[in-house]
Structure formats: C-alpha cells, structure tokens
Amino acid sequence: MTEASDHVICTNCRREFDAAFKKDFLGFKKYHCPHCNEDIRYPLTTGYLVTYWVLVALLLLWTVAALSSGGVVIPGVIGILIIFAAIKDLVLRSEVRKLVPYAESPATLQVKHGCGAVLNVPEKYAGKSVKCPKCGQSFQVEAPAKEKE
Ligand SMILES: [Zn+2]
Ligand SMILES: [Zn+2]
C-alpha cells in the first residue's frame, strides 16, 4: 500500500491541505483536516465505487428475478448498506465538486497597535505575542473573529 498524499479541500472549512486518506466505514476516504481539526469524508475509492455499483446491479437483477418468480424481496442489511453507500457516494461527489477553496482568506492579519503602527502579521500568529517593529513593545495578536455556524 502506498502512502501517497492527495491534495484535498476540506469539506468543513474549505481550506486546502495534503494528506493521505484513511479508509472509513464502507470504504469512504477519510482525511484529517489540520486547519479545523475535523475528520472529513470524501467519495469512495475507485475500487469500492466499482464494487458497489456492480453489487447494486446484481441486487437489482436479483430483485427482478425474485419478483418475477413470485418471491418476496427482503433487501437485508448488506443490500441496504450497499444502496446507502452508493447514494452517499453520489451526494459526496457532488459536494466535493462544488467545493471552492477558501481563497478569500488573507494569509496575513492586519493588526493595529496602540502606538499607531499597522502591522501585517501572518495568520499563524493569531493569539500569540509579537513584537511591534515601531515601538518595540510586545503585544498579543487578536485572533480574527470566527463566523458562527
Ligand atoms: Zn477543515
Ligand atoms: Zn507599537
């Protein structure tokens, strides 16, 4: 198994990152977003995708055969899971296609110090202490106001 990393857009915070996926329940790809610390799900790997659709086709054939011979169709847990996975994959696929990277976010924060200096501070310094180049004082960079869901 190769540990190749994919370029991913987070479905939660829409930031981009590179990561290797882990296989989640039913074969969905799972990535851990380093930006928002959430586990996100991506559509099935191709292998699983093909398998599921073959199984869906088989299920349909089996259903038709059972119905035409007057049988009762009980899909069973496996059947329900297969159909669930196939539908969930379609939903995820369309969600991922619509994802736009969170590019509007500036990589730097503009902070104004009490002495009047306006600094452009890299975003990673939010909440941390920096030294003002104008007056030499250390001060804490305010974290940007996060949008509430
Ligand atoms: Zn994220
Ligand atoms: Zn200052």
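Residues numbered from 1 in each chain as written. Chains lettered and ligands numbered in written order. Predicted model: local features only at pLDDT ≥ 70, side-chain atom pairs only at ≥ 80, totals over all residues.

**What to know about the overall build of the protein**
- Looking only at helices and strands, one finds 2 helices and 9 strands in the protein.
- The N-to-C order of helical and strand elements in the protein reads β-β-β-β-β-α-α-β-β-β-β.
- Against the compact-globule benchmark of 15 Å for 149 residues, the protein has a radius of gyration of 24 Å, which places it well outside the compact range.
- Dimensions along the principal axes, computed over C-alpha positions, put the protein at roughly 85 × 35 × 20 Å.
- Looking at the protein residue by residue over its 149 residues, the buried ones come to 9%.
- Look at the contacts in the protein between residues 6 or more apart in sequence, and 31% of them connect residues 24 or more apart. (Helix = DSSP H or I, 4+ residues; strand = E, 2+ residues; numbered from the N terminus. Rg over C-alpha atoms; globule rule 2.2 N^0.38 Å. Buried ≥ 20, exposed ≤ 12 C-beta atoms within 10 Å, placed from the backbone. Contact = placed C-beta atoms within 7 Å.)

**What to know about the nonpolar core**
- The biggest cluster of nonpolar side chains holds 11 residues, and these are Val8, Cys10, Phe28, Tyr31, Cys33, Ile40, Tyr42, Leu44, Tyr52, Ile82 and Ala85.
- Of all the secondary structure elements, the ones that give two or more residues to this core are β4 (28-32), β5 (39-44) and α2 (76-98).
- If you tally residues by element for this core, the top one is β5, at 3 residues.
- The contact partners of Tyr31, leaving out residues within four places of it in the chain, are Val8, Ala19, Phe21, Ile40 and Tyr42. (Core = buried A, V, L, I, M, F, W, Y, C linked by C-beta atoms within 7 Å.)

**Brief notes about the domain arrangement of the protein**
- Under the domain assignment used here, the protein contains domain 1 (6-98) and domain 2 (108-140).
- Using C-alpha coordinates to define each centre, domain 1 is positioned 46 Å away from domain 2. (Domains from an automatic or database assignment.)

**Things to note about the confidence of the model for the protein**
- Of the residues in the protein, 91% have a pLDDT of 70 or more, and the chain-wide mean is 87.
- Mean pLDDT across the secondary structure elements of the protein bottoms out at strand β6 (residues 108-112), with 83, and peaks at β4, with 96. (pLDDT = per-residue confidence, 0-100.)

**A closer look at unusual backbone geometry**
- Although it is not a glycine, Leu26 adopts a positive phi angle of roughly 70°.
- A positive phi angle is found at Asn37, which is not glycine, with a value near 65°.
- Within the secondary structure, Asn37 sits in the loop between β4 and β5.

**A few points about helix α1 (residues 46-68)**
- In a regular helix each residue adds 1.5 Å, so 23 residues correspond to 33 Å; α1 covers 33 Å between its end C-alpha atoms and thus fits that length.
- With 1 of 23 residues buried, α1 lies mostly on the surface of the structure.
- Just past α1, the residue Gly70 takes up positive phi, approximately 80°. (Expected span 1.5 Å × (residues − 1).)

**Concerning the packing of α1 against α2**
- Close contact between α1 and α2 brings their axes to 9 Å; oriented N to C, the two are set at 130°. With respect to each other, α1 and α2 are oriented oblique. Crossing of α1 against α2: the hand is left-handed. Between α1 and α2, the residues in contact are Leu49, Tyr52, Trp53, Leu55, Val56 and Leu59 and Gly79, Ile82, Ile83, Ala85, Ala86 and Asp89, respectively.
- Residues of the contact of α1 with α2, tallied by class, amount to 10 nonpolar, 1 polar and 1 charged. (Axes fitted to C-alpha atoms, helices over the stretch in contact; angles between N-to-C directions. Parallel < 35°, antiparallel > 145°, perpendicular 65-115°, else oblique. Left-handed = near helix turned anticlockwise from the far one by under 90°. Nonpolar A, V, L, I, M, F, W, Y, C, P; charged D, E, K, R; others polar.)

**What to know about the sheet that holds β5**
- With antiparallel pairing, 3 strands are arranged side by side in an open sheet as β3-β4-β5. Each having just a single partner strand, β3 (22-23) and β5 make up the two edges of the open sheet.
- Two strands pair when backbone bridges link them, and β4 and β5 are joined in this way by 5 bridges, in the antiparallel orientation. Within β5, the position partnered with Lys30 by the bridge is Arg41. (Pairing = 2+ DSSP bridges.)

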